[in-house]
Amino acid sequence: VLVVLRSPLPRLRALLQRCWGQLERGLWPGVLRGQSSPWGPALAVQGPALFPQGLNNASEGSAEAPSLLESILWMAAPKKRRTIEVNRCRRRNPSKLIELKRNIDVCPECGNLKQKHVLCGYCYAKVKAETRLIRMEIGKREGGPFNAPAVETVVLYDGEKPTEKDEGKRIIERARKRPSWFVQN
Amino acid sequence: SGAAWARGLLSWARPERWLASGSLFPLSCIHTSTSLVQKIGKWEKKNRVVYPPQLPGEPRRPAEIYHCRREIKYSKDKMWYLAKLIKGMSIDQALAQLEFSDKKGAKVIKEVLLEAQEMAVRKHNVEFKSNLHIAESLAGRGRYVKRVRCHGKGMFGIMKISRCHYFVKLVEGPPPPPEPPRTGFEQAKEYVQQLRNRTLVHTL
């Protein structure tokens, strides 16, 4: 498959050449020169407004043509290359450097680092893994989607019996010792 | 002894021995050309410096560990910010800051620091793994690759996929205290001293 890729440079160059040609031929007298056009009156005296419509057309016409093509010539562009010293001053300004974090503590449970306002990542991962296994057990009990009973669920570990409070609840067995962080009732 | 040396030399030069063994030069693998093996960079060679044994009265020279990672898929300018953050910290503080930084390079630098810490304890005779601080940490430019980025209307631009290297030097001991900021009084004193140092040149 042939893909035609045109680079933007010849297009812009052609446009500029056209504009420059037009300027040289004097089609835009108002752009470069501050004086009046060569075929305008050398001496202008204020007289009666004979052709008000003509004046309006001329003003509208002169405003329309430049706004389309002249705006390209007057776009913002850098005047000089920014030196590496100036670039460094901008990039290494203290506002752009990474700030030191002062809200890091040690988790009292596992000893890993944690941010003060965030749960400890290690402890959260532990709880997540255990929750996943409990959910798999629940899935095996239910057998399919939309089979959740309308009663509460209680998780019991090795060697635990359901108490009086767990009368009507669904019991999920897990074949391991109760983890220290999972407090019973 | 001279005769024994000559005999040994001749025994080495016997051609039958070469044909008998499988490879002609069993020790040639050490001196192969660098076409197959990657060129060992200057930073990696800094770990091979061996100092002469210290005299009994000299203060103990702190252990220096150089480690680096090459061709990380990250920008060198962005990596520089992380390297600047870490400069001069103790290794525990640096690891803490990197763990909670959201930048992609933070994960890479953390792995590099942990590797360097393990190297220090195993090979460079460092007693306590927390007793290290970061003396130097730099980011360098890796190999760039140019690719075409398609724009609308059939235009295209050339983008460069940049990679960087990361270098770190760990030194044993607590981190050095930070330099106090220069006061106005200090600057004034230096200025006056400069004025006082002026002399007449090209005179008697």
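Residues numbered from 1 in each chain as written. Chains lettered and ligands numbered in written order. Predicted model: local features only at pLDDT ≥ 70, side-chain atom pairs only at ≥ 80, totals over all residues. Heavy atoms only, no water.

### A look at helix α4 (residues 76-86) of chain B
Then step 1. Turning to α4(B), its buried residues are M79(B), W80(B), Y81(B), L82(B), A83(B), L85(B) and I86(B).
Then step 2. Residues of α4(B) that are buried sit in contact with α4 (84-91) of chain A together with β1 (64-72), α5 (91-99), α6 (104-123), β2 (132-141) and β5 (164-172) of chain B.
Then step 3. You can read the cap of α4(B) off the contacts: a side-chain oxygen lies 3.3 Å from the backbone nitrogen of D77(B), and it is on S75(B).
Then step 4. With its phi angle positive at about 85°, G88(B) sits one or two positions after the end of α4(B). (Buried < 20%, exposed > 50% of the residue type's maximum accessible area, 1.4 Å probe, protein only. Helix = DSSP H or I, 4+ residues; strand = E, 2+ residues; numbered from the N terminus. Contact = heavy atoms within 4.5 Å. Polar contact = N/O pair within 3.5 Å; in protein donor to acceptor, adjacent residues only side chain to side chain.)

### Section: the interface of chain A and chain B
Often, the extent of an interface is quoted as the loss of accessible area upon association of its parts.
Then step 1. If you look at the interface, chain A gives 18 residues, while chain B gives 17 residues.
Then step 2. A buried area of about 1700 Å², summed over both sides, lies between chain A and chain B, and 67% of it is on carbon and sulfur atoms.
Then step 3. At the junction of chain A and chain B, the tally comes to 0 salt bridges.
Then step 4. Within the residue set of the side of chain A that touches chain B, elements represented by two or more residues are α1 (8-24) and β2 (113-115) of chain A. (Buried area = accessible area lost by both parts, 1.4 Å probe. Salt bridge = Lys/Arg side-chain N within 4 Å of Asp/Glu carboxyl O.)

### A short note on a positive patch on the surface
Then step 1. A contiguous patch of positive charge, built from R82(A), R88(A), R91(A), R92(A), K96(A), K84(B) and K87(B), is present on the exposed surface.
Then step 2. For R91(A), the position within the fold is in helix α4. (Patch = residues over 30% accessible without salt bridge, like charges linked within 9 Å, V, L, I, M, F, W, Y side chains within 5 Å. Areas by Shrake-Rupley, 256 points an atom, 1.4 Å probe, with all protein chains shown as cover. Lys, Arg positive; Asp, Glu negative; His and termini not counted. Charge placed at Lys NZ, Arg CZ, Asp CG, Glu CD.)

### Some thoughts on the sheet that holds β2(B)
All names here are of chain B.
Then step 1. Pairing in this open sheet of 3 strands is antiparallel, and the strands run β1-β5-β2 from one edge to the other. One side of each edge strand has no neighbouring strand; the edge strands of this open sheet are β1 and β2. The average undirected angle you get between the axes of adjacent strands in this sheet is 15°.
Then step 2. Pairing of β2 with β5 involves 9 bridges; the strand directions are antiparallel. Looking across to β5, one finds that A139 is bridged to Y166.
Then step 3. Sitting on the sheet, α6 is in contact with β1, β2 and β5, with an inclination near 145° to β1. (Pairing = 2+ DSSP bridges. Axes fitted to C-alpha atoms, helices over the stretch in contact; angles between N-to-C directions.)

### A look at the side chain of S101(B)
Then step 1. Among the structural elements, S101(B) can be located in the loop between α5 and α6.
Then step 2. Beyond its immediate chain neighbours, meaning those up to four positions away, S101(B) contacts K101(A), L82(B) and A106(B).

### Things to note about the layout of surface pockets
Regions of empty space are outlined by a rolling probe, equal in size to a water molecule, passed over the atoms.
Residue and element names in this part refer to chain B.
Then step 1. Put simply, the largest pocket is a space of about 510 Å³.
Then step 2. Lining of the largest pocket is provided by 18 residues; of these, Y51, P62, A63, E64 and H124 occupy positions nearest its centre.
Then step 3. Classifying every residue of the lining of the largest pocket gives 7 nonpolar, 4 polar and 7 charged.
Then step 4. Put simply, the second largest pocket is a space of about 300 Å³.
Then step 5. Along its surface, the second largest pocket is lined by Q38, K39, I40, G41, E44, R70, E71, G142, R143 and H165. (1 Å grid on protein atoms, 1.4 Å probe; cavity = no way out; pocket = protein on both sides within 12 Å on 5 of 7 lines; lining within 4 Å. Points joined across faces, edges and corners; volume = space filled by probe spheres on them. Nonpolar A, V, L, I, M, F, W, Y, C, P; charged D, E, K, R; others polar.)

### With respect to the nonpolar core
Then step 1. Ranked by size, the top nonpolar core spans 29 residues in total, and within it M79(B), I86(B), I109(B), L113(B), Y166(B) and L170(B) carry the most contacts.
Then step 2. Of all the elements in the fold, those that place two or more residues in this core are β1, α4, α5, α6, β2 and β5 of chain B.
Then step 3. Ranked by the residues each element gives to this core, the list is headed by α6(B), at 8 residues.
Then step 4. For L170(B), the residues in contact, after removing those within four places along its chain, are A63(B), E64(B), I65(B), I91(B), L113(B), A116(B), Q117(B), L132(B), H133(B) and I134(B).
Then step 5. Within the second largest apolar cluster, 5 residues are counted, among which are I134(A), I138(A), V155(A) and Y157(A). (Core = buried A, V, L, I, M, F, W, Y, C linked by side-chain atoms within 4.5 Å.)

### Some remarks on the confidence of the model for chain B
Residues and elements named next belong to chain B.
Then step 1. Here chain B averages 88 in pLDDT, while 82% of its residues score no lower than 70.
Then step 2. Every residue in residues 18-23 scores below 50 in pLDDT, and together they form 4 contacts with partners more than four places removed in sequence or on other chains.
Then step 3. Predicted complex metrics record ipTM = 0.71 and pTM = 0.69. (pLDDT = per-residue confidence, 0-100.)

### Here's the deal with the packing of α5(B) against α6(B)
Working note: a packed helix pair is described by the angle between its axes plus the distance between those axes.
All names here are of chain B.
Then step 1. Look at α5 against α6: their axes get within 9 Å of each other, and the N-to-C directions meet at 155°. For the element pair α5 / α6, the angle class is roughly antiparallel. Judged by the sense of rotation from one axis to the other, the crossing of α5 with α6 is left-handed. Across from I91, A94, L95, L98 and E99 in α5, the residues of α6 making contact are A106, I109, K110, L113, L114 and Q117. (Parallel < 35°, antiparallel > 145°, perpendicular 65-115°, else oblique. Left-handed = near helix turned anticlockwise from the far one by under 90°.)

### Some words on the environment of K87(B)
All names here are of chain B.
Then step 1. Of note, K87 is situated in the loop between α4 and α5.
Then step 2. Judged by relative accessible area, K87 falls into the partly exposed class, the value being 40%.
Then step 3. Here the alpha-carbon distance between K87 and K169, two residues 82 residues apart in the chain, equals 9.8 Å.
Then step 4. Discounting chain neighbours no more than four positions away, the residues touching K87 are I134 and S137.

### Details of the packing of aromatic side chains
Then step 1. Evaluation of the coordinates by the stated rule reveals 5 aromatic pairs over all chains.
Then step 2. With a centroid separation of 5.8 Å and an interplanar angle of 80°, the aromatic rings of Y157(A) and F182(A) are classed as edge-to-face. With Y157(A) in the loop between β3 (153-156) and β4 (170-173) and F182(A) in the segment after β4, this pair connects stretches of sequence that are 25 residues apart.
Then step 3. A relative accessible area of 25% places F182(A) in the partly exposed class.
Then step 4. Measuring from ring centre to ring centre gives 5.5 Å for W80(B) and Y81(B), while their planes differ by 70°; the resulting arrangement is edge-to-face. Side by side, W80(B) and Y81(B) carry an identical accessibility label, which is buried.
Then step 5. By way of ring pairs, the aromatic residues Y157(A), W181(A) and F182(A) are connected into one cluster.
Then step 6. The ring of Y51(B) has R61(B) lying over it, and the distance from NZ or CZ to the ring centre is 4.1 Å.
Then step 7. Over the face of the ring belonging to Y144(B) we find R141(B), whose NZ or CZ atom lies 4.1 Å from the ring centre. (Phe/Tyr/Trp six-rings, centres within 6.5 Å; stacked < 30°, edge-to-face > 60°. Lys NZ or Arg CZ within 6 Å of the ring centre and 35° of its normal.)

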